Amino acid sequence: EVAMNQWSLDLNVDFENRRLTGEATYELERNSGNRIILDLDDIEILSVRDKEGEKLEYKVVEGNEMGDALHINLNDNTEKITVSYQTSSNASALLWLEPEQTLSKTDPFLFTQGQAILTRSWVPIQDTPSLRITYDARISVPQGLLAVMSATNPQDLNEESVYTFKMEQPIPPYLMALAVGKLEFASLGNRSGVYAEPAILKEAAYEFADVEKMIDVAEDLYGPYRWERYDILVLPPSFPFGGMENPRLT
């Protein structure tokens, strides 16, 4: 068996075509065999390479309503692979909101919903809760928009519109999350805060004012909080799904 270990994403967010394009690089845990199988759903694979840049043989095996399987043949010494790909405009985990569906009415919004097995529609992955992964990411977005993930997060816009993330606590794949939009941040305490559209940020911060106290009480009961931060993302008013318990970004 070959399993994913730590992995890295480098993706561009394309609102016009409703696609994510880029690559995912995986460090492998090799126990036996010369093949790794990744779950995917309606993702176009462009290439698979090892860390030296050598192309690896792969094939997409049709599955069922739960998705397909990406079979990648490994060399004996392959320890890291990079999969270049692009998502479908109909990817089930990618929820693209038009500007009219947001409070601002001026900018589009994207957020992911990985539960229960939808993460495989925006990144090839071994999509099982029995696996725990850590990851880092580099996300390029349109000018003026902020990207946040279930990881360490920026609190301000940058001029390059490229944001980097790191998740050091192992999580099951379905809890990986990404959101992009006209967002601002308000601190709720030393290790908690809220992201929301500017028009509702003050109200959202008021609504969640006791989050820091809740963390303190939980620590008194159960010991140190292991996720470092508890940040909250308030979605636009027309979001079609309920909340998700993504660590570091509920």
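In case you missed it, the structure is sitting above this.
Residues numbered from 1 in each chain as written. Predicted model: local features only at pLDDT ≥ 70, side-chain atom pairs only at ≥ 80, totals over all residues. Heavy atoms only, no water.

1. Quick word on the pairing of strand β1 (residues 2-14)
Using the following cut-off: At least two DSSP bridges between two strands are required for those strands to pair. What counts as a helix is a DSSP run of H or I of at least four residues, what counts as a strand is a run of E of at least two, and both are numbered from the N terminus.
Looking at chain direction, β1 and strand β2 (residues 19-30) are connected through eleven bridges and run antiparallel. Following the sheet pairing, Leu 11 is matched in β2 by Gly 22. The hairpin formed by β1 and β2 contains four residues between the paired strands, and Arg 18 there has a positive phi angle of roughly 55 degrees. Bridging between β1 and strand β10 (residues 133-140) involves six bridges; their strand directions are parallel. Its bridge partner being in β10, Leu 9 is matched across the sheet by Ala 137.

2. Brief notes about the packing of aromatic side chains
Stated precisely, the cut-off is as follows: Aromatic contacts are taken between Phe, Tyr and Trp rings whose centres are within 6.5 Å, Trp giving its six-membered ring; a plane angle under 30 degrees counts as stacked, one over 60 as edge-to-face, and the others as tilted. For the exposure calls, accessible area comes from a 1.4 Å probe over protein chains only, and a residue counts as buried if that area is under 20% of its type's maximum, exposed if over 50%, partly exposed in between.
Applying the stated criterion across every chain, the model contains five aromatic pairs. Note on Trp 7 and Tyr 26: the rings are 5.8 Å apart at their centroids and 25 degrees apart in plane angle, and the pair reads as stacked. Residue Trp 7 is found in strand β1, and its partner Tyr 26 is found in strand β2; the two are separated by 19 residues along the sequence. Across the pair, exposure class does not vary: Trp 7 and Tyr 26 are buried alike. Ring centres 6.0 Å apart and planes at 40 degrees place the aromatic pair Trp 7 and Tyr 135 in the tilted group. Of this pair, Trp 7 sits in strand β1 while Tyr 135 is found in strand β10, placing the two residues 128 residues apart along the sequence. Take Trp 7 and Tyr 135: they sit in the same class, and that class is buried. By the ring-pair criterion, three or more aromatic residues cluster together here, those being Trp 7, Tyr 26 and Tyr 135.

3. Focus on the sheet that holds strand β14 (residues 184-189)
In sheet architecture, strand pairing relies on hydrogen bonds along the backbone and comes in two forms, parallel and antiparallel. Quick reminder of the rule: Axis definition: a line fit to C-alpha positions, over the contact stretch in the case of helices; interaxial angles, taken between N-to-C directions, run 0 to 180 degrees.
Read across the open sheet, the three strands follow the order β14-β15-β16; overall the sheet is mixed. Of all strands in the sheet, those with a lone pairing partner are β14 and β16 (230-233), marking the two edges. Averaged over all adjacent pairs, the angle separating strand axes in this sheet is 20 degrees, with direction ignored. Here four bridges tie strand β15 (residues 192-196) to β16, and the two strands are oriented parallel to one another. Across the sheet, residue Tyr 195 finds its bridge partner in β16, namely Leu 233.

4. Description of the nonpolar core
To keep it simple, the criterion reads: For this analysis, a nonpolar core means a set of buried residues of the types Ala, Val, Leu, Ile, Met, Phe, Trp, Tyr and Cys, connected via side-chain atoms within 4.5 Å. Contacts: residue pairs with any heavy atoms within 4.5 Å of one another.
If you look at the biggest cluster of nonpolar residues, it comprises 64 residues, and the most contacted ones within it are Trp 7, Leu 9, Tyr 26, Ile 72, Trp 122, Ile 139 and Met 149. For this core, the element with the most residues is β1, which contributes seven residues. In contact with Met 149, other than residues within four places in its own chain, are Trp 122, Tyr 135, Ala 137, Ile 139, Phe 165, Met 176, Ala 177, Leu 178 and Leu 249. Counting eleven residues, the second largest nonpolar core, distinct from the first, contains Val 194, Ala 196, Leu 201 and Val 234.

5. Some points on helix α2 (residues 211-222)
In plain terms, the rule: Here a helix's expected span is defined as the number of its residues, less one, multiplied by 1.5 Å. The arc in question is traced by the directions running from the helix axis to the C-beta atoms.
Taking 1.5 Å of rise per residue, twelve residues should cover 16 Å, and α2 covers 16 Å from first to last C-alpha, within 8% of that figure. Buried within α2 are the following residues: Val 211, Glu 212 and Ile 215. In an axial view of α2, the angular spread of the buried residues amounts to 105 degrees, which keeps them on one side of the axis. Of the residues in α2, the exposed ones pointing more than 90 degrees away from the buried face are Lys 213, Met 214, Asp 220 and Leu 221. On its buried side, α2 packs onto β14, β15 and β16. Once α2 ends, the next one or two residues include Gly 223, with phi positive near 100 degrees.

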